[in-house]
Amino acid sequence: MTSDVSNESSAYKAMKPHWALVRALLGGTEAMRAAGTTYLPQHARESEEAYRERLQRSFHFNYFESALGTLAEMPFTKPVTLSDSAPEELHALVDDVDKQGNDVTTWARNAFADGLANGLVHILVEFPRVDRTQVQTRADEEAAGVRPYFVHVTAESLLAAYATVEGGAQVLTHIRIRDPVTRVSGFEEVVVERVRVLERDRWEVYEKEGNGTWALVDSGENTLGFIPLVTWYAGKPKGFMLIRPPLLSLAEKNLEHWQSSSDQRNILTITRFPILAASGVTDDSPRGGGVELEGLDAEDREFLGRPSGRGGIAIGPHSLLTTSNPQGKFYYVEHAGAAIEAGAKDLERLEDQMAALSVELLVRRKSNTTATEKSINAGQSYSKLGAMARTFGDALELAFHFAARWMGVEVPDDKLKVSVHTDFGVEEGDAQGLEVLFKTRAAGDISRRAFLKELQRRGTLSADFDEELDSDYLAEEGPRLGTVGREPRDEPQAQPGQGTQESGSEPPVDGEPAASAGGVA
């Protein structure tokens with residue numbers, strides 16, 4: 001065994017970038033800002049100070065978290081149930097399946113959401129360590145409150161897993177789980193890095209010491225004879241512990257929205273401040289009070305003042321700008337606003353695409369089934385999310401089988417069934433209609449009220465959706481990026497192709513017409 005028990009498997013390393021993006025998106029604005037240039041690239045020639053300012057003005061529209069929460073909730077709008085034919089010992093686990101007070105529905109909802117976000121999740125069926133000289137029979141276990149329980153092992157916690165094929169079945173032979181613990185030392189909390197190793201015949205616990213080495217601190221026999229870990233894949237795996245997370249495309253679109261909204265916020269900030277320009281002004285012209293020119297580039301120094309440290313223009317209500325040139329003048333240059341409108345449209349396009357991607361998992365389609373399944377499910381159609389809910393029920397079923405093995409209870413397969421709600425989704429024709437509905441609303445061809453009523457009629461919005469209350473919520477959120485600008489002026493607007501508008505009457509240059517005065521378009 002390697003000296004570094006925290007080594008990651010090749011499958012883990014391949015999945016790691018996907019998990020990092022999901023973790024950052026779910027972490028909200030704070031996490032996206034902390035990621036810095038990983039998810040918000042720094043522009044060429046953009047100074048560190050300018051980048052930090054732009055980063056602090058960027059806010060994350062967390063569509064991914066919203067869509068994930070909605071989708072993960074659907075299979076659990078009805079309780080997860082264990083068949084009546086299952087042993088009473090297993091029914092006793094349902095109301096507190098993790099020994100933390102969570103019933104199987106609540107526990108399953110959290111695990112399902114984690115697997116839906118990251119592509120896979122694991123269920124470890126644990127059993128407390130007991131003194132077999134004191135606890136020897138099933139009655140002793142019941143008296144001592146000793147029983148199996150479910151542990152939610154996240155995708156990022158399972159550092160490595162290896163398996164072999166025996167009798168045509170895949171059998172786990174070795175897993176390593178990152179399991180840090182927080183301990184109190186005096187009045188301080190100390191986080192201790194820890195890794196658990198499970199094999200078919202034994203288990204071990206390693207802790208990281210101050211010098212960075214790993215020390216074996218505990219070990220024992222695995223009396224079960226196999227590793228009681230169930231892995232649920234949210235879709236079709238690409239290999240052992242490898243899968244493309246089903247919401248990865250949505251996550252990537254949300255990342256694109258983060259970057260575009262950052263640019264939009266930045267250009268809004270810039271265009272709110274007009275630029276002072278001048279014509280017919282020379283270096284010898286008096287310009288009022290001096291200002292610091294350090295930190296400016298040569299071009300700015302040439303305009304604002306002498307290349308040395310002081311001089312230039314003082315701007316303010318108590319300053320007077322003058323020039324010795326009778327033809328000279330000062331005026332403000334403002335942005336025409338075309339880029340603002342383009343940025344706003346880009347954000348709307350991305351939001352429409354994210355909405356379409358989130359609906360995709362709910363579209364019911366005819367499934368490819370075997371002849372036996374067709375006789376049972378004739379005429380039924382399933383959404384991708386519904387199919388995931390069914391396979392998650394299978395994973396829970398296997399976990400209950402492992403729990404039965406810990407208790408020494410034999411349960412035939414046909415006596416143990418776990419049911420997860422799958423009767424949800426929209427028909428394929430309805431999905432196409434939703435796409436048309438989104439596009440129609442985006443084009444402004446129908447009102448917001450008609451749009452929301454149509455969504456409610458189709459069941460996309462809940463029956464108790466309150467439009468007036470939702471309008472109040474929207475008002476609290478404030479206007480969207482790109483919709484805040486100055487009041488339109490009555491002056492003529494710039495012609496197409498003009499990038500700026502000037503306040504003032506700058507004379508024509510080389511026979512071209514002067515730019516019209518005005519604010520942001």
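Below: a short report on this structure. (Residues numbered from 1 in each chain as written. Predicted model: local features only at pLDDT ≥ 70, side-chain atom pairs only at ≥ 80, totals over all residues. Heavy atoms only, no water.)

A few words on the sheet that holds strand E4 (residues 158-166). The five strands are arranged E4-E5-E8-E9-E10 in an open sheet whose pairing can be described as antiparallel. Only two strands of the sheet have a single neighbouring strand rather than two, namely E4 and strand E10 (214-221). Taken over all neighbouring pairs, the strand axes of this sheet differ in orientation by 15 degrees on average, direction set aside. Across eight bridges, E4 lies against strand E5 (residues 169-178) in antiparallel orientation. Each residue of the ladder has a partner; that of valine 165, found in E5, is glutamine 170. (Pairing = 2+ DSSP bridges. Helix = DSSP H or I, 4+ residues; strand = E, 2+ residues; numbered from the N terminus. Axes fitted to C-alpha atoms, helices over the stretch in contact; angles between N-to-C directions.)

Look at arginine 45: it is not a glycine, yet its phi comes out positive at around 65 degrees. Its identity is not glycine, yet methionine 241 carries a phi of approximately 65 degrees, on the positive side. Relative to the helices and strands, methionine 241 is located in the loop between strand E11 (229-233) and helix H8 (248-271). Since its relative accessible area comes to 9%, methionine 241 is described here as buried. (Buried < 20%, exposed > 50% of the residue type's maximum accessible area, 1.4 Å probe, protein only.)

Attention now moves to the pattern of salt bridges. A complete count under the given rule lists 15 salt bridges for this structure. Across the pair arginine 54 and glutamate 46 runs a salt bridge whose closest N-O atoms are separated by 2.9 Å. Note on accessibility: arginine 54 and glutamate 46 belong to one class, buried. Of the charged contacts, one joins aspartate 263 and arginine 54 as a salt bridge, the two residues approaching to 3.7 Å between their closest N and O atoms. On the criterion of sequence distance, the pair formed by aspartate 263 in helix H8 and arginine 54 in helix H3 (residues 48-56) is long-range, its members being 209 residues apart. Residues joined by salt bridges that share partners form a network here, namely Glu46, Arg54 and Asp263. (Salt bridge = Lys/Arg side-chain N within 4 Å of Asp/Glu carboxyl O.)

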